[in-house]
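Commentary on secondary and tertiary structure
Each chain, letter by letter, is given below.
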Amino acid sequence: GYVGIGHTRYSTIGGIGAENAQPFLVPSPFGIMMAHNGNVFNSYELRREIFEKDHRLINSDNDVEVLLTLLAKTLSRETRESALTPAKIWKAVESVHKRAKGAYSVVAYIAGYGLLAFRDPHGIRPLLFGKRETRLVPEYMFASESIALDLLGFEVTGYLAPGEAVFVDEKTREVHRKAVTPKIHTPCIFEHIYFARPDSMLDGISVHKTRLRMGEAMVKKIKAAKLKIDVVMPVPDSSRTSAMALAEKMGIKYREGLIKNRYIGRTFIMPGQAVRKKSIRYKLNPIRLEIEGKRILLVDDSIVRGNTSRKIVQIMKEAGAKAVYFASYAPPITHPCLYGIDIPTFEELIAAKNTVEEIRKFIGADQLFYGDIAEVKKACLIGNPKIKDMCMACFDGRYKTGDIDEKVLKANAESRLTDKGCESPEGPPEESEQMNLV
C-alpha cells in the first residue's frame, strides 16, 4: 500500500478488546479511517446525542469513533452536491472542535483524496509532520513524536498549531494548512516528565534538555536537607536523564543500580494493580554490589498511587541499601487527567489525600523530595519562548479547556468504573506509548 495509519497507544476510554483497536473506519462518505492520541471526555454524552439525533450507532467504547462520526457527518453534508475541497474539510474539523471536549491529535485518511491531520484547539496533545523526498513523489508523515520521523528518514516540516488542520492532497501532493479554531497553546507538561522518549522534540522543545533542567532544579532542595549521599541512581528508563544531571551538579557519582528485564512487558498498561505489583519485581532487578551499604538517592519521574515506588524502595533495601532517599522530579500529582494521560481518579492518587511525610512513610523512603511546580514549568518553557503556558492540571487542578468542573470529574470517575481495561500509570515506562501515524 501507499498509505497507512498505525496506533501504538494504550486506551484511556474504552476497554482493551479488539473492538476498541484503532484505527477506525467508516465507509461513507468516500471511506475514512482515523486514529487519535488523547481523550474526549464528553464522548459518552456525544455517543447518546449521535444515536438520538443523528440515528447513528457507535459500535465501540472508543472515543475516536465519536470523532470519526462527527467528521464524517459534516463531510457527507458538505459534499452532497459538490466535490470535496480543503474548505469543506476545514468546516468538518471545525464541527469536531465545537462538539468534542478534551484533548486530541488526529490523523485520518480520506480514500481517494488524501491525509488529514488536526489538533485540538488548545494543542494539548502533540502532533507534527514531516516530508521525505523520493525520486518519484514527496512522501508525508504525521506523528506524535519527532523520533518516529527521524527513524524513517523524514525531515520535520513543522508542528501543528493549536486548532490547526493540515490536508495533504494525494494526487497533487499539495499541502493545505488552516488555523481552524486556534486558542492559547497549552501543551501537556506530563509528556516531558514521563511520556515521551528523551530523543524526541515536542513543539520544538527537546525532551532530553527539559529533563536535564528538571534534574538540575532539584539540587537546591536536596542540598538543603544536608544528607550524606553516596550515589545517585535512576529508576529506569525515563528518569535517567534527570538523575545524571542531578548527580553531576551535586558532584556525586552516578550509578545504575536497577536493571530492567526487557522481556517482562509493560507494567504501565498491565490490567490490574495486583498484576502490576507482582510484575515490578520481575521487571527490575538490583545490582547488589552497587547498592549494599550505600546511602542512595533514587530518582524517579513521578509518584502516582505510590505502590510501585514502595516496591522499588523495598527492593533497594532488601539489596542492602543503608538508606534510600527518593526524589520525584515531578511535583505531587493531585488531580486526575482528562486529556489523555491515564492518571486515575482522586481516590487513587496518593498525593491527593496525603502529605509528603505521609507518602514518605508509605513508600518506606528515608527522605522524600518532590520537584517544584514552577521550576518544572520553567524547564519546559525555556525550550520554546513562543509557548507561554502549559497544561499542568494533574498538579494544580487548572484544566486549560475551561469546561471541567466537579460534575465532569465525578462523571469521569464513574465512567472509569465501567471501562474495563483502562488502567493508570504505575511505574516507569520503557518506551513512548504514543501513536505513530504515516
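In the block above lies the structure referred to throughout.
The rules we used
Residues numbered from 1 in each chain as written. Predicted model: local features only at pLDDT ≥ 70, side-chain atom pairs only at ≥ 80, totals over all residues. Heavy atoms only, no water. Helix = DSSP H or I, 4+ residues; strand = E, 2+ residues; numbered from the N terminus. Buried < 20%, exposed > 50% of the residue type's maximum accessible area, 1.4 Å probe, protein only. Contact = heavy atoms within 4.5 Å. Areas by Shrake-Rupley, 256 points an atom, 1.4 Å probe, with all protein chains shown as cover. Pairing = 2+ DSSP bridges. Axes fitted to C-alpha atoms, helices over the stretch in contact; angles between N-to-C directions.

Some remarks on the overall build of the protein
Tallying secondary structure elements over the protein gives 15 helices and 18 strands in all. Here the protein holds 438 residues, and 57% of them are scored as buried. Long-range contacts, defined here as pairs at least 24 residues apart, represent 71% of the contacts in the protein between residues at least 6 apart. For the protein, the accessible surface area stands at approximately 18500 Å², while carbon and sulfur atoms represent 52% of it.

Digging into the sheet that holds strand S8 (residues 164–169)
Here we have 6 strands laid out as an open sheet, ordered S1-S2-S3-S4-S8-S9, and antiparallel in their pairing. The open sheet terminates on both sides in strands that have one partner only, identified here as strand S1 (24–26) and strand S9 (175–179). Taken over all neighbouring pairs, the strand axes of this sheet differ in orientation by 15° on average, direction set aside. The pairing of S1 with strand S2 (residues 32–40) spans 3 bridges and is classified as antiparallel. Note that in S2 the partner of Phe24 across the bridge is Met34.

Quick notes on the environment of Gly102
Relative to the helices and strands, Gly102 is located in strand S3 (residues 102–110). Using a relative accessible area of 7% as the deciding quantity, one classes Gly102 as buried. Separated by 299 residues in the primary sequence, Gly102 and Thr401 have C-alpha atoms spaced 7.0 Å apart. Apart from residues no more than four positions distant in its own chain, Gly102 is found in contact with Asn39, Phe41, Asp120, Tyr339 and Thr401.

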